[in-house]
Amino acid sequence: MRTYLSAVGVLLLILSSCQQKTIDFGNNISFRIEKNIPYGKETEQKMDIYIPESTVKDNDVFMIIHGGGWRGGKKSQLTSFTFDLMKKFPKKIFVNVDYRLASATSFALPDQTDDIKTAMNYLEKKLKINPKYILLGNSAGGHLSMMYAYKFDKDKKVKAIINIVGPADLNDPGFKKYVDYTFVEKQLINPKIVGTKTTLMNFGSPVYWISKTSAPTFSYYGMNDQVVPLSQMKILDSVLNKNNVYHESYEFNGDHLGWEKDSNVKFLIQKTDEFLKNIDKK
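Structure report, in brief. Just so it is clear, the structure is predicted and the values come from calculations on it, not from any experiment. (Residues numbered from 1 in each chain as written. Predicted model: local features only at pLDDT ≥ 70, side-chain atom pairs only at ≥ 80, totals over all residues. Heavy atoms only, no water.)

## Structural notes on the overall build of the protein
No. 1: When helices and strands are counted, the protein shows eight helices and nine strands.
No. 2: A globule of 282 residues ought to have a C-alpha radius of gyration of about 19 Å, and the protein, at 18 Å, matches this closely.
No. 3: Projected onto the principal axes, the alpha-carbon positions of the protein cover approximately 50 × 40 × 35 Å.
No. 4: Scored against the burial criterion, the 282 residues of the protein give a buried share of 55%.
No. 5: In the protein, once contacts between residues fewer than 6 apart in sequence are set aside, the share between residues at least 24 apart is 72%.
No. 6: A total accessible area of about 12,700 Å² is found for the protein, and carbon and sulfur atoms account for 52% of it.
No. 7: Once the 39 positive and 30 negative side-chain charges of the protein are each reduced to a mean point, those two points are 4 Å apart. (Helix = DSSP H or I, 4+ residues; strand = E, 2+ residues; numbered from the N terminus. Rg over C-alpha atoms; globule rule 2.2 N^0.38 Å. Buried < 20%, exposed > 50% of the residue type's maximum accessible area, 1.4 Å probe, protein only. Contact = heavy atoms within 4.5 Å. Areas by Shrake-Rupley, 256 points an atom, 1.4 Å probe, with all protein chains shown as cover. Lys, Arg positive; Asp, Glu negative; His and termini not counted. Charge placed at Lys NZ, Arg CZ, Asp CG, Glu CD.)

## A look at the packing of helix α2 (residues 79-88) against helix α8 (residues 262-281)
No. 1: Taken N-terminus to C-terminus, the directions of α2 and α8 make an angle of 40 degrees; their axes are 11 Å apart at the nearest point. As the angle between them shows, α2 and α8 are arranged oblique. Like other packed secondary-structure pairs, α2 and α8 cross with a definite hand, here right-handed. Note on element contacts: α8 touches α2 through Val265, Leu268, Ile269, Gln270 and Asp273, opposite Phe81, Asp84, Leu85 and Lys88. (Axes fitted to C-alpha atoms, helices over the stretch in contact; angles between N-to-C directions. Parallel < 35°, antiparallel > 145°, perpendicular 65-115°, else oblique. Left-handed = near helix turned anticlockwise from the far one by under 90°.)

## Things to note about the nonpolar core
No. 1: In this structure, Met47, Met63, Trp70, Leu135, Val184 and Leu236 are the most contacted members of the largest nonpolar core, which totals 55 residues.
No. 2: Looking at this core, the element that brings in the most residues is helix α4 (residues 140-152), giving seven residues.
No. 3: By size, the runner-up hydrophobic cluster in this structure holds 31 residues, among which are Tyr50, Leu136, Val165 and Ile269. (Core = buried A, V, L, I, M, F, W, Y, C linked by side-chain atoms within 4.5 Å.)

## Topic: the packing of aromatic side chains
In this description, an aromatic ring pair is defined by two values, namely the gap between the centres and the angle between the planes.
No. 1: Counted by the stated rule, this structure contains 18 aromatic pairs.
No. 2: An angle of 65 degrees between the planes, with centres 5.8 Å apart, marks the rings of phenylalanine 25 and phenylalanine 83 as edge-to-face. Of this pair, phenylalanine 25 sits in strand β1 (residues 22-26) while phenylalanine 83 sits in helix α2, and the two are 58 residues apart along the sequence.
No. 3: By relative accessible area, which is 14% here, phenylalanine 25 ends up buried.
No. 4: Judged by relative accessible area, phenylalanine 83 falls into the buried class, the value being 4%. (Phe/Tyr/Trp six-rings, centres within 6.5 Å; stacked < 30°, edge-to-face > 60°.)

## Looking at the pairing of strand β8 (residues 217-222)
No. 1: Counting buried residues in β8 gives six out of six residues, a clear majority hidden from the surface.
No. 2: Across the two faces of β8 the burial is the same, with Thr217, Ser219 and Tyr221 and Phe218, Tyr220 and Gly222 all buried.
No. 3: Bridging between strand β7 (residues 158-164) and β8 involves four bridges; their strand directions are parallel. The partner of isoleucine 162 across the bridge, within β8, is phenylalanine 218.
No. 4: Bridge count between β8 and strand β9 (residues 247-252): six bridges; the pairing is parallel. Note on β9: the bridge partner recorded for tyrosine 220 is tyrosine 250.
No. 5: In the classification by handedness, the crossover that spans β8, the intervening helix α7 (residues 231-242) and the parallel β9 is right-handed. (Pairing = 2+ DSSP bridges. Right-handed = clockwise from strand over helix to strand, strands pointing away.)

## Notes on unusual backbone geometry
No. 1: Between leucine 109 and the following residue, proline 110, the backbone shows a cis peptide bond with an omega angle of 15 degrees.
No. 2: Here asparagine 36, not a glycine, exhibits a phi torsion of approximately 55 degrees, which is positive.
No. 3: In this fold, asparagine 36 is placed in strand β2 (residues 29-38).
No. 4: Look at asparagine 36 and you get partly exposed, because its relative accessible area is 40%.
No. 5: The phi angle at asparagine 244 is positive, at roughly 55 degrees, despite the residue not being glycine.
No. 6: Its location among the elements puts asparagine 244 in the loop between α7 and β9.
No. 7: Overall, the relative accessible area of 64% leaves asparagine 244 in the exposed class.

## Re the pairing of strand β6 (residues 133-138)
No. 1: With six of six residues buried, β6 is to be regarded as a mostly interior element.
No. 2: Burial of the side chains of β6 extends over both faces: Tyr133, Leu135 and Gly137 are buried on one face and Ile134, Leu136 and Asn138 on the other.
No. 3: Relative to β6, strand β4 (residues 61-65) is paired through five bridges, and the arrangement is parallel. Of the residues in β6, the one forming a bridge with valine 61 is tyrosine 133.
No. 4: Pairing geometry for β6 and β7, over six bridges, is parallel. Note that in β7 the partner of glycine 137 across the bridge is asparagine 163.

Next comes the structure, spelled out in structure tokens:
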């Protein structure tokens, strides 16, 4: 993930590793922190919780969902980026989530979307809140954010999706060039949850589940991405347009990891702020 940490970020990570209970960013921005909190019985079901010291009941929650091809990755990869978001959104609660990874003997879906729901339920019970969620994920995490919001969010708890280079249409010829596409075909989705009226690849494609009541969606895709091509953004935008779902999408100059570049992160966070303000106006 990001190849650097600011001096402040390094200091904060050191403090948190020493069981520091607060993170102070200056300018009256501080968060209480709880690291590696189990939200389920499996070892991978853990979360980091960041609560603003000025928080109010029923505040919005940013749920951060890491990438890694559904089989790898961990929440710590997005810790520094989460800190950047916290500075911009000092009134929001943040949850950075690990989830069960797919393997040769386990499918990604529905385990990983189930973990999103389980994490939400645990957080609400623990903090005694009833929030709306902003699901933010990169790559596989972007895919899971969209899948959960479009398909599995029966209670309509998701306020918005921040999708960073997430696969939106698994049938896209451009995405079929993905080096691990065989895994997508064979191991991404448990066939037992797919009915006879749809295909595996349709079922696992977020665009297949978009409706007129889907959550507002922000997308960020790389112009030179060889993993999740720019065609994914165009397909996603088209389906959102057809269903009159509010959305914004932006391109950055870079490959699949190019969004991590300082200037691209700065642009992403600024546009995310504007996007959420636009939603609140509606």
